[in-house]
Amino acid sequence: MEFLINLVLLLFLSAVTVAIIGVRNLFAVVVLGGAYSFLMATLLIAMDAVDVGMTEAAVGAGVSTVLLLSALHLTKTDEAPARHSNVLPIALSVLTGLVLVYGTWDLPRYGDSDTPMNTHVGAEYLERSIPETTVPNVVTSVLASYRGYDTLGETAVIFTAGIGVLMLLKGRRRREDEKEEDRS
Amino acid sequence: MEGLNELAFVLGGVNHWITVFLIMAGLYIIVSRSNMIKKLVGLSIFQTSVYLLYVSPGKIIGGTAPIISDDFAVYSNPLPHVLILTAIVVGVATLALGLALVVRINEAYGSIEEDEVYSDGDWN
């Protein structure tokens, strides 16, 4: 049953991706992107990653969609027809796909419990979380206690990106005002 | 028997195959489309496929979410979840920066199509 739900959600995800490739109206692309993110969030919850699923639903389907829609509001909503042939991009992505399939050949099958990543460090965190940090949610204890520096680095990345966005958009209003004055 | 084993091999790796398909789709959109917002959506698909790649091997059939309780004995691996939480937030930060650049380019060139922006420039 678990496997079946996983399979169906994966097929939906691929269908939405194919639709995103084909659609030329950017509004439709953004809305399909939101559907894609919700499917991905459901899939993550089906794979027991509840914290990740909630973050993906809030950030991937919520914040990203709002950002994309506001960018569309400030720019244009239709994609121009393609000018170049598709042969090179298709060849490139198929080549990359073949190399990746070759790379995934030896990876453990879905749902295996006796793989190195599940028996070694993952099991260690599950055992130690309660005695060492008293936090029952292991994802929280790893995020905030064992790997707190990762989270600090993440905050630095968001801060830098925020400054970048502010600097890029800062002059917008001023330039628009100047345009208005020129006209009048 | 041989055929059954092969079927189990293909079905057991279905998360990997779909991950590879999503990476291919994302890469194809980034390379083939000249519209910059579409490119950024392609980049997002590329990024989300990596979430699948990380979280799938941590799932244990019959396990539950890694929240310790007396009622459960088997939990999925919490470590990939933590790494992907970070990746999601960094992904939206890069998306925001990319979109700000697109808005700025649209202001300067009046277009978000890469082809038209290039043909406007002096270097052609």
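Values in this document were obtained by computation on a predicted structure and should not be read as measured data. Every chain's residues receive numbers from 1 upward, in the order its sequence appears when written. Labels follow written order: the first chain is A, the first ligand is 1, and so on. Under the rules for a predicted model, residues below a pLDDT of 70 receive no local features and side-chain atom pairs below 80 are neither given nor counted, while totals for whole chains, interfaces and linings still include all residues. Side-chain calculation: all heavy atoms of the structure are included, whereas hydrogens and water are not.

Colleague: Just to check I follow, could you spell out the interface of chain B and chain A for this structure?
Modeller: Size of an interface: often given as the accessible area lost when the parts come together. Throughout, a contact is declared for two residues whenever any of their heavy atoms are within 4.5 Å. Between chain B and chain A, the contact holds 78 residues from the first and 87 residues from the second. The junction of chain B with chain A conceals about 7,800 Å² of combined surface from both sides, 74% of it contributed by carbon and sulfur atoms. Any Lys or Arg side-chain nitrogen located within 4 Å of an Asp or Glu carboxyl oxygen qualifies as a salt bridge. Joining chain B to chain A, the criterion identifies two salt bridges. For B:K59, the salt bridge identified is with A:E2, shortest N-O distance 2.3 Å. For this analysis, a polar contact is any N or O atom pair within 3.5 Å, provided that within protein one partner can donate a hydrogen and the other can accept it, and provided that sequence-adjacent residues contribute only side-chain to side-chain pairs. Applying the counting rule to chain B against chain A returns 21 residue pairs in polar contact (both at pLDDT 80 or more). Working definition: helices are DSSP H or I runs of at least four residues, strands are E runs of at least two. Numbering for both runs from the N terminus. Looking at the side of chain B that touches chain A, the elements that each hand over two or more residues are α1 (2–12), α2 (14–32), α3 (36–55), α4 (78–109) and α5 (114–120) of chain B. Polar here means any residue outside two lists: the nonpolar Ala, Val, Leu, Ile, Met, Phe, Trp, Tyr, Cys and Pro, and the charged Asp, Glu, Lys and Arg; Gly therefore counts as polar. Of the residues belonging to the side of chain B that touches chain A, the class tally is 50 nonpolar, 20 polar and eight charged. By definition, the buried area sums, over both parts, the 1.4 Å-probe accessible area that each loses when the two are put together.

Colleague: I'm lost on a nonpolar patch on the surface in this one. Help?
Modeller: Together, A:M1, A:L4, A:I5, A:V8 and A:F12 give the surface a local cluster of nonpolar side chains, amounting to about 530 Å² of exposed area. Think of it in three bands: residues with accessible area under 20% of the maximum for their type are buried, residues over 50% are exposed, and the middle band is partly exposed, with areas taken using a 1.4 Å probe on protein chains only. Note on A:V8: relative accessible area 41%, which makes it partly exposed. Patches in this entry comprise residues that are over 30% relatively accessible and not in a salt bridge; like charges within 9 Å are linked, as are nonpolar side chains (Val, Leu, Ile, Met, Phe, Trp, Tyr) within 5 Å. Each accessible area is a Shrake-Rupley estimate made with a 1.4 Å probe; only the visible protein chains count as cover when residues are assessed.

Colleague: What is the right way to look at the packing of helix α1 (residues 2–22) of chain A against α3(B) in this model?
Modeller: Any two packed helices are characterised by the angle at which their axes cross and by the distance between the axes. Axes here refer to lines fitted to C-alpha atoms; in helices the fit is confined to the stretch in contact. Angles between the N-to-C directions go from 0 to 180 degrees. Two numbers describe how α1(A) lies on α3(B): the axes approach to 11 Å, and their chain directions differ by 165°. Between α1(A) and α3(B), the angle is such that the two are roughly antiparallel. The element α1(A) and its partner α3(B) pack so that their crossing is left-handed. Contacts between α1(A) and α3(B) pair A:L10, A:L13, A:T17, A:I20 and A:I21 from the former with B:K38, B:V41, B:I45 and B:L52 from the latter. For the contact of α1(A) with α3(B), the class distribution of residues is seven nonpolar, one polar and one charged. Comment on the angle field: the value is read as roughly parallel under 35 degrees, roughly antiparallel over 145, roughly perpendicular from 65 to 115, and oblique elsewhere. Each crossing gets its handedness from the near helix: less than a right angle anticlockwise from the far helix is left-handed, clockwise is right-handed.

Colleague: Hey, could you run me through the nonpolar core in this one?
Modeller: Nonpolar side chains tend to gather and get buried jointly when the protein is soluble and globular. Counting 56 residues, the largest nonpolar core has A:L13, A:I20, A:Y36, B:L22, B:I37 and B:L52 as the members making the most contacts within it. Taken together, the elements giving at least two residues each to this core come down to α1, α2 (26–46), α3 (50–74), α6 (121–133) and α7 (138–146) of chain A together with α2, α3 and α4 of chain B. Of the residues forming this core, the biggest block, 10 residues, is contributed by α4(B). If sequence neighbours within four positions are ignored, A:I20 has contacts with A:V29, A:L32, A:G33, A:Y36, B:I29, B:K38, B:V41 and B:I45. Nonpolar core, defined: a set of buried Ala, Val, Leu, Ile, Met, Phe, Trp, Tyr and Cys residues in which side-chain atoms within 4.5 Å join the residues together.

Colleague: What exactly am I supposed to notice about the pattern of salt bridges here?
Modeller: Charged atoms that come close allow side chains of opposite charge to pair. Evaluation of the coordinates by the stated rule reveals seven salt bridges over all chains. Two residues, A:D48 and B:K59, come together in a salt bridge whose shortest N-O distance is 3.1 Å. Placement of the pair is A:D48 in the loop between α2 and α3 and B:K59 in the loop between α3 and α4, with the two residues belonging to separate chains. Among the ionic pairs, A:E124 bridges to A:R128, the shortest N-O distance being 3.2 Å. Taken as a pair, A:E124 and A:R128 lie in helix α6 at a separation of four residues, close to a single helical turn. Since its relative accessible area comes to 39%, A:R128 is described here as partly exposed. Among the charged side chains, a salt-bridge network with shared partners connects A:E2, A:D48 and B:K59.

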